Amino acid sequence: MAGRRRDYTGLFEWGVATLTWPSESVCGDSYVVTEVPHGAVVAVFDGLGHGHDAALAAERAAETVRRFGSEPIVPLVHRCHNALIGTRGVVMSLAAFDAPKGSMSWIGIGNVEGVLLRADRRAAPAHEHLVQRGGLVGHSLPPLRPSMRTVAAGDVLILATDGVNPDFLAEFDAKAPAKRIAEKILNKCATRRDDALVFVMRYGTESGPE
Ligand SMILES: [Mn+2]
């Protein structure tokens, strides 16, 4: 329906859990969830190192996604890169959901872990890992090749920084509320040698795409 904008907010249920490196007052990991005309864009950032300068870089990246989130992924990552020149830089993973199409595009630069869990028990594979390419946003970008996946109601996206042990998949019930999943993963799998952030989003909570 041209000109009519549907509100997709109710389609996403999300939650986050964070842990700050013990000797610091600010967390160098950050995240963003922003509504865009066709759905939502979510991203997790890990500023290089920890403390204030890491937090500054991660927050600047989040601001950039908030502001330019309706642009396609590749130019959006370039925006982040340009905004972060002169900072410590971040590694990041980002996913853009297109609700009318029932799809998600995602991309990872550096080592923010990304996993998509399928709600459909017969789905093969039952979960997929985001392919990450080495790089540091603000310093050096790899070739940017987002990949696209179809998504169905109940699918769960998890993004976690490297302060979380990447073998977290066995640690939770995928039907639990997103916030509960994030807290559980953090409690069980944080390395406690770095800042840590776990972001969980369940797609299609209220109603499926039309
Ligand atoms: Mn880290």
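All figures in this text were calculated on a predicted structure; none of them were measured in a lab.

### Quick notes on helix H3 (residues 178-189)
- For H3, which comprises twelve residues, the first-to-last C-alpha distance of 16 Å matches the rise-based estimate of 16 Å (1.5 Å per residue) to within 8%.
- Looking only at H3, the buried set comprises Ala178, Ile181, Ala182, Ile185, Leu186 and Cys189. Angularly, the buried residues of H3 cover 130 degrees about the axis, an arc narrow enough to put them on a single face. Exposed residues on H3 whose side chains face more than 90 degrees from its buried face are Arg180, Asn187 and Lys188.
- Looking at the buried positions of H3, the neighbouring elements they touch are strand S1 (12-19), strand S10 (156-160) and strand S11 (196-203).

### As for the pattern of salt bridges
- As enumerated under the stated definition, the model contains ten salt bridges in all.
- Across the pair Glu59 and Arg66 runs a salt bridge, and its minimum N-O distance is 3.5 Å.
- What makes Glu59 partly exposed here is its relative accessible area of 33%.
- A salt bridge links Arg149 to Glu128, with the shortest nitrogen-to-oxygen separation between them at 2.6 Å.

Here is what the cut-offs are and how they apply
- Residues numbered from 1 in each chain as written.
- Predicted model: local features only at pLDDT ≥ 70, side-chain atom pairs only at ≥ 80, totals over all residues.
- Heavy atoms only, no water.
- Helix = DSSP H or I, 4+ residues; strand = E, 2+ residues; numbered from the N terminus.
- Expected span 1.5 Å × (residues − 1).
- Buried < 20%, exposed > 50% of the residue type's maximum accessible area, 1.4 Å probe, protein only.
- Arc of directions from axis to C-beta.
- Contact = heavy atoms within 4.5 Å.
- Salt bridge = Lys/Arg side-chain N within 4 Å of Asp/Glu carboxyl O.

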